[in-house]
Amino acid sequence: MSQGKAKHTGAEAPAGASFRLTLDGTDHSVPITAGETLLHAALAAGIDAPHTCTQGRCGSCMSWLRSGEVTMANTKALSKRKIDRGYVLACQALPSSAEPIWLDFDL
Amino acid sequence: MQIGTIESIWRYPVKGMRGEELPHVYTAYTGVMGDRIYAVAAADGDPGHPWHTGRDQEEFVLYKASYGCSEDLLLPPNLDATYSEWEPGIDPIYPDADAFKVSIETPEGVTYDDIENPAFIEDLEKLTGRSLRIHTTQRGIFDARPVSLISPAVAAKLGEELGMYIDKRRFRANFYVDWDNQDDPFYEMSLVGKTLKIGEWLEVMIVERDPRCEMITLDPDTAEETPKLLQHLARKHSGDAGVFAAVLTRGRVNKGDPVILN
């Protein structure tokens, strides 16, 4: 099973033009701008992505990074186990490479 | 006006581990007697919330923590005297520290007769790869407030919406309340800011909603994760389930006690 990579550097990340998001069995192509989190981009696109605190604490936006790379400034809601499994917090996730991102909320 | 009935009373001797149901219990200004007296702290944890829980090790919710003298930790021995002779404001005396000794049984059936025995932490460190220590205080170790309430109707409603069984124990409340209002499964949300009398003595103010985290995704009997429960709660119910309370007047609570709206 392939999965993406989450880093914790919080470094400024280059933005991709769009990323793939899966929610409720539906795939979306979500536009994203530089410095924007995956969650923010999804909400701006009108997608009802799960979230509550948006500060990396509650874990409501936990999702599976199927491909691509992101950085996260705060991973309080993610255990090492979950990070190793490829889970990310969409509210903290910033694209960090040109590799296409696929974020899956259907856990 | 009576608005509900205490359906069950719970406490959690060790934060994050399995809880125990009680027939009655003393509730102090610092919460239910014997609730979350111990916690496991992780050296690599967040300084503000260093606790090792099911968020870090899912099967931690299956660990069974038991007081050696559970009966002694239901009511302070001089409780009646503080009511009859010292009213209105004398706090009763808690049992000595020895009474709070807790034994642990792991999901694999390994038992430790005292959580403070170094063998427990040493084995848990080997299992998790974390540097851990036991933290204890008779005041209780809470994330937010000392007392939590929720109706079993919340679990039933969420289960209905998700098409699966949701065990009320996922929500790890102290008091589960059957509300007389059967129309609103989330009735307790309307009580924020209100004062309730529970049983003969206890008075609490409902101070805020309980914003939920990953802990509710863990099945209390299997530790199996259901992330869609937290996702659903966030999308359909603002991420909140149950309420927190502050204690205004301490006292005994019994299963079946009436809940009165003051």
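An account of the accompanying structure is given in this report. The shown structure was predicted, so the numbers you read here are calculated from the model rather than taken from an experiment. (Residues numbered from 1 in each chain as written. Chains lettered and ligands numbered in written order. Predicted model: local features only at pLDDT ≥ 70, side-chain atom pairs only at ≥ 80, totals over all residues. Heavy atoms only, no water.)

1. Some details on the sheet that holds strand E6 (residues 87-89) of chain A
All names here are of chain A. This is how it is decided: Paired strands are those between which DSSP finds at least two bridges. Only runs of H or I of at least four residues qualify as helices and only runs of E of at least two qualify as strands under DSSP, and these elements are numbered from the N terminus. Axis definition: a line fitted to C-alpha atoms, over the contacting stretch in the case of helices. Angles run 0 to 180 degrees between N-to-C directions.
Reading across the sheet, the five strands line up as E3-E2-E8-E4-E6 and stay open at both edges, with mixed pairing between neighbours. Looking at the sheet topology across the chains shown, the edges are occupied by strand E3 (26-31) and E6. Strand-to-strand, the axes of this sheet are offset by a mean angle of 35°, without reference to chain direction. Summarising the sheet, strand E2 (residues 18-23) and E3 pair through six bridges and their orientation is antiparallel. Directly across from phenylalanine 19, in E3, lies its bridge partner valine 30.

2. Structural notes on unusual backbone geometry
Leaving glycine out, the prevailing phi sign among residues is negative, and the prevailing peptide bond configuration is trans. Residue and element names in this part refer to chain B. Test applied: Type-normalised accessible area, obtained with a 1.4 Å probe on protein chains alone, sets the label of each residue: buried when under 20%, exposed when over 50%, and partly exposed for intermediate values.
Phi is positive for arginine 36, which is not a glycine, with a value near 55°. Positionally, arginine 36 belongs in the loop between strand E4 (31-32) and strand E5 (38-46). Under the relative-accessibility criterion, arginine 36 is labelled buried at 10%. The phi dihedral of arginine 172 falls on the positive side, at around 50°, and the residue is not glycine. Classification of arginine 172 by relative accessible area gives buried; the value is 13%.

3. A look at helix H2 (residues 118-128) of chain B
Residues and elements named next belong to chain B. Keep this limit in mind: This arc describes the spread of directions from the helix axis toward the C-beta atoms. Whether two residues touch is decided by their heavy atoms; if any such pair falls within 4.5 Å, the residues are in contact.
Those residues of H2 that fall on the buried side of the exposure criterion are Phe120, Ile121 and Leu124. Projected onto a plane normal to the axis of H2, the buried residues spread over an arc of 90° and lie on a single side. Among the exposed residues of H2, those oriented more than 90 degrees off its buried face are Pro118 and Lys126. Of the surrounding secondary structure, the elements contacted by the buried residues of H2 are E5, strand E8 (102-105), strand E9 (111-112) and strand E10 (132-136). Positive backbone phi, at 75°, marks glycine 129, one or two positions downstream of H2.

None of the figures reported here should be taken as evidence of function without further support.
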